[in-house]
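# Structure at a glance
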Amino acid sequence: GATTTISNNIGTTTAERTGAWVTPYIMNPTNAANLFAGYAKVWKTTNRGDSWTSASQVLSSVDKLRSLAIAPSNTSVLYTADRTNMWKTTDGGATNWSTITLPVNPNYLTYIAVKNTDPDRVWITYGGFTNGEKVYQSTNGGTTWTNISAGLPNLPVMCIIQYKTATDRDVLFVGTDVGVYVKDGANNWAPYNTGLPNVVVTELEV
């Protein structure tokens, strides 16, 4: 059948349709017809991309949004960020997004992940080469942050995911410039590269 470029339905101008080199988009995990996409602001569709409506104020007109995450347990909670700023909504973007104070700035925020059972437990990763500033965790929706970088090399971290099958503790995986690392509960990060090539990892799925 024919294919449709649903991003052509966003906004009315080329500027509104101009995003980062890798434009972030996410699907609502409880309703596949609902998607969000990050450009200068966040856009939402409830009909698989046939039409889009604005779901935020203009957040990043120059740098464009790079990261976008939705809380699986409360799909009204979303987080988004460009390289140096982060924002949050708790009403699905119906009203303005609020600014989150990041733990280190400026740096290069690369990814956001939200715990599958808790919309307030959030993890962010940083690129760049600032030693010991790679992964941060918040348990209160981004109000405060804890550095959980111990064990990671001083290389850019490009992405993070939670291993949802483990329910008694948080098991996390990150992709770095030299492969994958795992953090099992309170343990430090450790290499998870057996049988994997020593390559840049920018996306992970479990």
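Sequence order sets the numbering: in each chain, residues are counted from 1 along the sequence as written. Thresholds applied to this predicted model are a pLDDT of at least 70 for local features of residues and 80 or more for the giving and counting of side-chain atom pairs; totals over whole chains, interfaces and linings are not thresholded and use all residues. Remark: hydrogens and water are excluded; side-chain values derive from all non-hydrogen atoms of the structure.

### Looking at the sheet that holds strand S7 (residues 86-89)
- Strand pairing is defined by DSSP finding a minimum of two bridges between the two strands. Helical segments are the DSSP runs of H or I of at least four residues, strand segments are the runs of E of at least two, and each set is numbered from the N terminus. On the basis of which strands lie adjacent, the open sheet formed by four strands has the order S5-S6-S7-S8 and antiparallel pairing. A strand with exactly one partner marks an edge of an open sheet, and here the two such strands are strand S5 (67-70) and strand S8 (98-100). Across the sheet, the mean angle separating the axes of adjacent strands is 25 degrees when strand polarity is ignored. Here, axes are lines fitted to C-alpha atoms. For helices the fit covers the stretch in contact, and angles between N-to-C directions go from 0 to 180 degrees.

### Regarding the sheet that holds strand S11 (residues 135-138)
- The strand order across the open sheet formed by four strands is S9-S10-S11-S12, and the pairing between neighbours is antiparallel. Every other strand in the sheet has two partners, leaving strand S9 (109-114) and strand S12 (146-147) as the edge strands with one partner each.
- Taken together, the two bridges between S11 and S12 define a ladder with antiparallel strand orientation. Looking at S12, one finds that Tyr136 is bridged to Asn147.

### Brief notes about the pairing of strand S6 (residues 78-81)
- Accessibility here uses a 1.4 Å probe with only protein chains present; expressed as a share of the type maximum, an area under 20% marks a residue as buried, one over 50% as exposed, and anything in between as partly exposed. What you see with S6 is no split at all: Leu78 and Thr80 on one side and Tyr79 and Ala81 on the other are buried throughout.
- In this sheet, S7 lies alongside S6 in antiparallel orientation, the contact comprising four bridges. The residue of S7 that forms the bridge with Leu78 is Thr89.
- Count of turn residues in the S6/S7 antiparallel hairpin: four residues.

### Thoughts on the packing of aromatic side chains
- Stacked, edge-to-face and tilted are the three classes for Phe, Tyr and Trp ring pairs, Trp counted by its six-membered ring, which pair at centre distances within 6.5 Å; planes under 30 degrees apart are stacked, over 60 edge-to-face, the rest tilted. As enumerated under the stated definition, the model contains three aromatic pairs in all.
- Each ring, one from Tyr163 and one from Phe173, has its centre 6.3 Å from the other, and the planes form 85 degrees; the classification is edge-to-face. Here Tyr163, found in the loop between strand S13 (157-162) and strand S14 (171-176), pairs with Phe173, found in strand S14; they are 10 residues apart in sequence, far enough to count as distant.
- The class of Tyr163 is partly exposed, set by a relative accessible area of 30%.
- Taking the centre distance of 4.9 Å and the plane angle of 65 degrees together, the rings of Phe173 and Tyr192 count as edge-to-face. Remark: Tyr192 occurs in the segment after strand S16 (190-191) and Phe173 occurs in strand S14; sequence separation between them is 19 residues.
- Classification of Phe173 as buried rests on a relative accessible area of 11%.
- Ring pairing ties together the aromatic residues Tyr163, Phe173 and Tyr192, which thus form one cluster.
- Placement of a charge over a ring requires the Lys NZ or Arg CZ to be within 6 Å of the ring centre, with the centre-to-atom vector within 35 degrees of the ring normal. Of note, Arg83 hangs over the ring of Tyr108, and the distance from its end group to the ring centre comes to 5.4 Å.

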